[in-house]
Every structure is written in structure tokens, then in C-alpha cells.
Amino acid sequence: MKNPRVALIVDTDTQPYEGVIVEGLAELVHEGVRDVTRRIVEKYVPKNQWSHTFDELMRYPRVLIRIRPSKVLDIMSYRRL
């Protein structure tokens, strides 16, 4: 990866607004993609759709992005967490 620096923001769009800003270095991870994808499907998809959703997702190349944070900030105050 030529430039591994990343920033990630996760926030809410309703009041009270909350969220975090994460800055750090990203790394592409190719191992364990199937297992992580399966766990995500099982957490967020209704059980009767697990198999179909997992199969559809795995039809395409997938990669994990690991972020090693150097700074984590509260989105409303910019205080370090």
C-alpha cells in the first residue's frame, strides 16, 4: 500500500449526535475474510437469510482493512478518547 494513512468517522445522524474519529495506519488483510464475513452476516442479517446473504457476499473478492489507531477523538468535542 503506497499511503497507509487513514481517517475513519463513525457517527449518528440524529440527536444527540455522537461519534468518533479514528486516525491511523491501514493494513489490508486477506486471511480470515470468510470467518469475519460469516460473523457479520450472523450479527446483522435475519437468520433465515444467513446462507443466501453469505453466498452472495462471497461471490466477489473481499478484503479486510485493519486500522492501527494513532488517534481517537470524540466527534463533538475533539477530545482524545
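So, here is what we can say about the structure in this document.

Quick notes on the rules
- Starting from 1, residues in each chain are numbered consecutively following that chain's sequence as written.
- For this predicted model, a pLDDT threshold of at least 70 governs which residues receive local features, and a threshold of 80 or more governs which side-chain atom pairs are given and counted, while totals over whole chains, interfaces and linings are taken from all residues.
- Each side-chain value is derived from all of the structure's non-hydrogen atoms; neither hydrogens nor water enter the calculation.
- Think of it this way: any DSSP run of H or I at least four residues long counts as a helix, any run of E at least two long counts as a strand, and we number them from the N terminus.
- Based on C-alpha atoms, the radius of gyration is set beside the globule rule, defined as 2.2 Å times the residue count to the power 0.38.
- For every residue, the accessible area obtained with a 1.4 Å probe (protein chains only) is divided by the maximum for its type, and the residue is called buried under 20%, exposed over 50%, and partly exposed between those limits.
- Aromatic contacts are taken between Phe, Tyr and Trp rings whose centres are within 6.5 Å, Trp giving its six-membered ring; a plane angle under 30 degrees counts as stacked, one over 60 as edge-to-face, and the others as tilted.
- Working rule: Lys NZ or Arg CZ, within 6 Å of ring centre, within 35 degrees of ring normal, means a charge sits over the ring.
- In what follows, salt bridge is the name for a side-chain nitrogen of Lys or Arg lying within 4 Å of a carboxyl oxygen of Asp or Glu.
- Expected helix span is given by 1.5 Å per residue-to-residue step, counting one fewer step than there are residues.
- Note that the arc is computed from the directions linking the helix axis to the C-beta atoms.
- When checking whether two residues touch, look at their non-hydrogen atoms; a contact exists if any pair is within 4.5 Å.

With that out of the way, let us pick up the overall build of the protein. A tally of helices and strands in the protein yields two helices and three strands. At 16 Å, the protein has a C-alpha radius of gyration far larger than the 12 Å of a compact globule built from 81 residues. Projected onto its principal axes, the C-alpha coordinates of the protein cover approximately 40 × 35 × 15 Å. Sorting the 81 residues of the protein into buried and exposed places 19% on the buried side.

This brings us to the packing of aromatic side chains. Going through the model one piece at a time under the given rule, you end up with zero aromatic pairs. Geometry around Phe54 places Arg38 over its ring, the cationic atom sitting 3.9 Å from the centre.

What follows deals with the pattern of salt bridges. All chains considered together, the criterion is met by four salt bridges. Of the charged contacts in the structure, one is a salt bridge between Glu27 and Arg66, with a shortest N-O distance of 3.5 Å. Residue Glu27 is found in strand S2 (residues 19–29), and its partner Arg66 is found in strand S3 (residues 64–74); the two are separated by 39 residues along the sequence. Connected through shared salt-bridge partners, Glu27, Arg66 and Arg68 make up one network.

Here helix H1 (residues 33–44) spans 16 Å end to end across twelve residues, near enough to the 16 Å set by a 1.5 Å rise per residue. Turning to H1, its buried residues are Val33, Thr37 and Val41. Along the axis of H1, the buried residues cluster in a sector spanning 65°; they form a single face. Facing away from the buried surface of H1 by more than 90 degrees, the exposed residues are Asp35, Arg39 and Lys43. On its buried side, H1 packs onto S2, helix H2 (50–57) and S3.

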